[in-house]
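# Descriptive structure summary
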Amino acid sequence: MTFVGRLFFFLLVTTSAIGLGAWSAERVTRSFPGFVPISAESWRGYPGLATSSADPYARANLARTGKLAIGDTEGVEFTAITDSEGAALRAGCSYDVRGNVPTNRLWTFRIETVGQSEDASTMAVNFKSSRLHARIADVDVDLSVGPLPAGPNWLSTADIDDQPVMFIMTLYDSAIATTASFTDLQMPTIKRLACIDG
Amino acid sequence: MLFTVIIGAVVAHLAVIALLPFTAPDTAARQLQSALPLSSAAPVDLSAAQEVGDVDLRLDPAFRTIGCQFDISEAPFRVIGNGRVDFWSISILDPLGVSVFSANDRIAPTVGIDLTVLSPNQLRLFRQAPDQRLENSIIVSAEDLTGFAIIRLFEPDESWTELVDAFVASIGCGAISDFGFSS
């Protein structure tokens, strides 16, 4: 092979390798939130996300989202993007979020729109917390989420356009954030009831 | 040839993943860097900054989040604050936004916030001659000379706003000499 031929070969191999590697990294970090250390129902939790113990993919995803994660001793955050059947959560649907959660001092539940975090104005700030949650049934969490009023603990999505959303549940001062035992992890079931378009 | 490309692609992929926390344009650390003035200045209400779109840190709306930036190359950094809230927590971040220490009101020895960040060298000097005024302060040793302190105050609804505002007003961040501690 001539020198020019070898040079061409070398450039072809390196550019395609770097291109392929960078492209796949870009794709993966856009949606892959990292290897999930704990999960229950459709919830995924990342204790230690803010610390140096987080896996490189989780850190890369966090860097891209610009999110300020909470520390271990502060609490642990769980996110869900699907209901118990595996269908994507939508602002136009009603959901029952019901069940027990690991021991905590307080919890908060909020809704964020998915994939539009670069535009802060589209982000929902609708939230509930354990302090404003009427405990009627014998479960820790009994929320109704959706565009139409329902139940004693209703979190409205009426002001959000029908689009994919993410439920974020944060347990503050929870032992789950600092202990290694994640067996018997209980999180509420997200049950879809109805959608505005039927 | 295909094999070489695949190996090269894997290396490039892993390199990009590892570099993203340093190079991504809107990391939490970069946003904090521009939103927070250096220590000795007043703490910044990040929740308010988020509301007007100055930062997009995806903060928990049930909390008032306050931030300070520090530089302990000259003197240790101390953060104090007092008031009545249902829950508060604090996190010390390194320059990349990685949490090196966090605490909440249950594990703190005082009702309010009192935390001092020292470099390993300053910590050694402090151990040799402890200052009584810091006896209730949470002592945090930081490897990096710069970083951020993030304070979170629980604000379940508007009825708490006044109490949370008072707590926020009491928060002070600064080099330790500002608090009357001389070496």
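What you see is a predicted model, and the numbers here were worked out from it, not measured in a lab.

### Observations regarding the overall build of chain A
Per the secondary structure count, chain A includes 2 helices and 10 strands. Its C-alpha radius of gyration of 21 Å places chain A more than 25% over the 16 Å reference for a compact globule of 198 residues. Counting over 198 residues, chain A shows a buried share of 37%. Summarising the internal contacts of chain A: among those between residues at least 6 apart in sequence, 73% fall at separations of at least 24.

### Thoughts on the overall build of chain B
For chain B, the count of helices and strands is 5 helices and 9 strands. Along chain B, helices and strands appear, N-terminal first, in the series α-α-β-α-β-β-β-β-β-α-β-β-α-β. Considered along the principal axes of its C-alpha atoms, chain B spans approximately 70 × 45 × 30 Å. Among the 183 residues that make up chain B, the fraction classed as buried is 45%.

### Describing the packing of helix α2 (residues 56–65) of chain A against helix α1 (residues 2–23) of chain B
Each pair of packed helices gets described by two things: the angle between the helix axes and the distance between those axes. Put simply, α2(A) and α1(B) touch, their axes get as near as 8 Å, and they point 40 degrees apart. Classified by the angle their axes make, α2(A) and α1(B) are oblique. As α2(A) packs across α1(B), the resulting crossing turns out to be left-handed. Between α2(A) and α1(B), the contacting residues are A:Pro56, A:Tyr57, A:Arg59, A:Ala60, A:Ala63 and A:Arg64 on the first element and B:Ile17, B:Ala18, B:Leu20 and B:Pro21 on the second. A per-class count over the contact of α2(A) with α1(B) returns 8 nonpolar, no polar and 2 charged.

### Observations concerning the pairing of strand β7 (residues 141–146) of chain A
All names here are of chain A. Here 5 bridges tie strand β4 (residues 93–99) to β7, and the two strands are oriented antiparallel to one another. Within β7, the position partnered with Tyr 95 by the bridge is Val 145. Relative to strand β8 (residues 154–156), β7 runs parallel, the two being bridged by 3 bridges. The residue of β8 that forms the bridge with Val 145 is Leu 155.

### What to know about the environment of B:Ile113
Residues and elements named next belong to chain B. If you trace the backbone, Ile 113 turns up in strand β6 (residues 113–118). A count of 27 C-beta atoms within 10 Å places Ile 113 in the buried class. Separated by 38 residues in sequence, Ile 113 and Ile 151 place their C-alpha atoms 9.1 Å apart. Once residues within four sequence positions are removed from consideration, Ile 113 is found in contact with Val 79, Ile 80, Gly 81, Trp 88, Ile 90 and Ile 151.

### Considering the confidence of the model for chain B
Regions with low pLDDT carry predicted coordinates that are not meant to be interpreted in detail. Per-residue confidence for chain B gives a mean pLDDT of 88, with 95% of residues at or over 70. As a predicted assembly, this complex carries a pTM of 0.88 together with an ipTM value of 0.87.

### Quick notes on the sheet that holds strand β4 (residues 88–93) of chain B
All names here are of chain B. Reading across the sheet, the 5 strands line up as β1-β2-β8-β4-β5 and stay open at both edges, with antiparallel pairing between neighbours. Only two strands of the sheet have a single partner each, and these edge strands are β1 (44–45) and β5 (99–104). Where β1 and strand β2 (residues 63–71) come together, 2 bridges link them in antiparallel fashion. Bridging across to β2, Asp 45 finds its partner in Ile 66.

### Considering unusual backbone geometry
Not every positive phi belongs to a glycine, and A:Glu41 is a case in point at roughly 50 degrees. Of note, A:Glu41 is situated in the loop between β1 (38–40) and β2 (43–45). The class for A:Glu41 is partly exposed, based on 19 C-beta atoms found within 10 Å. Notably, B:Arg58 is not glycine yet its phi reads approximately 50 degrees, a positive angle.

### A look at the interface of chain B and chain A
Between chain B and chain A, the residue contacts involve 44 residues of the former and 44 residues of the latter. If you list the elements that add at least two residues to the side of chain B that touches chain A, you get α1, α2 (28–35), β4, β5 and β8 (146–154) of chain B. By residue class, the composition of the side of chain B that touches chain A is 24 nonpolar, 12 polar and 8 charged.

### Some points on the sheet that holds β4(A)
Residue and element names in this part refer to chain A. Judged by pairing direction, the sheet is mixed, and its 4 strands sit side by side in the order β8-β7-β4-β10 without closing on themselves. Only two strands of the sheet have a single partner each, and these edge strands are β8 and β10 (189–195). On average, each strand axis in the sheet is tilted by 20 degrees relative to the strand beside it, whichever way the strands run. Pairing of β4 with β10 involves 6 bridges; the strand directions are antiparallel. When the sheet's bridge partners are listed, Arg 98 is paired in β10 with Thr 189.

What counts, and at which threshold
- Residues numbered from 1 in each chain as written.
- Chains lettered and ligands numbered in written order.
- Predicted model: local features only at pLDDT ≥ 70, side-chain atom pairs only at ≥ 80, totals over all residues.
- Helix = DSSP H or I, 4+ residues; strand = E, 2+ residues; numbered from the N terminus.
- Rg over C-alpha atoms; globule rule 2.2 N^0.38 Å.
- Buried ≥ 20, exposed ≤ 12 C-beta atoms within 10 Å, placed from the backbone.
- Contact = placed C-beta atoms within 7 Å.
- Axes fitted to C-alpha atoms, helices over the stretch in contact; angles between N-to-C directions.
- Parallel < 35°, antiparallel > 145°, perpendicular 65-115°, else oblique.
- Left-handed = near helix turned anticlockwise from the far one by under 90°.
- Nonpolar A, V, L, I, M, F, W, Y, C, P; charged D, E, K, R; others polar.
- Pairing = 2+ DSSP bridges.
- pLDDT = per-residue confidence, 0-100.

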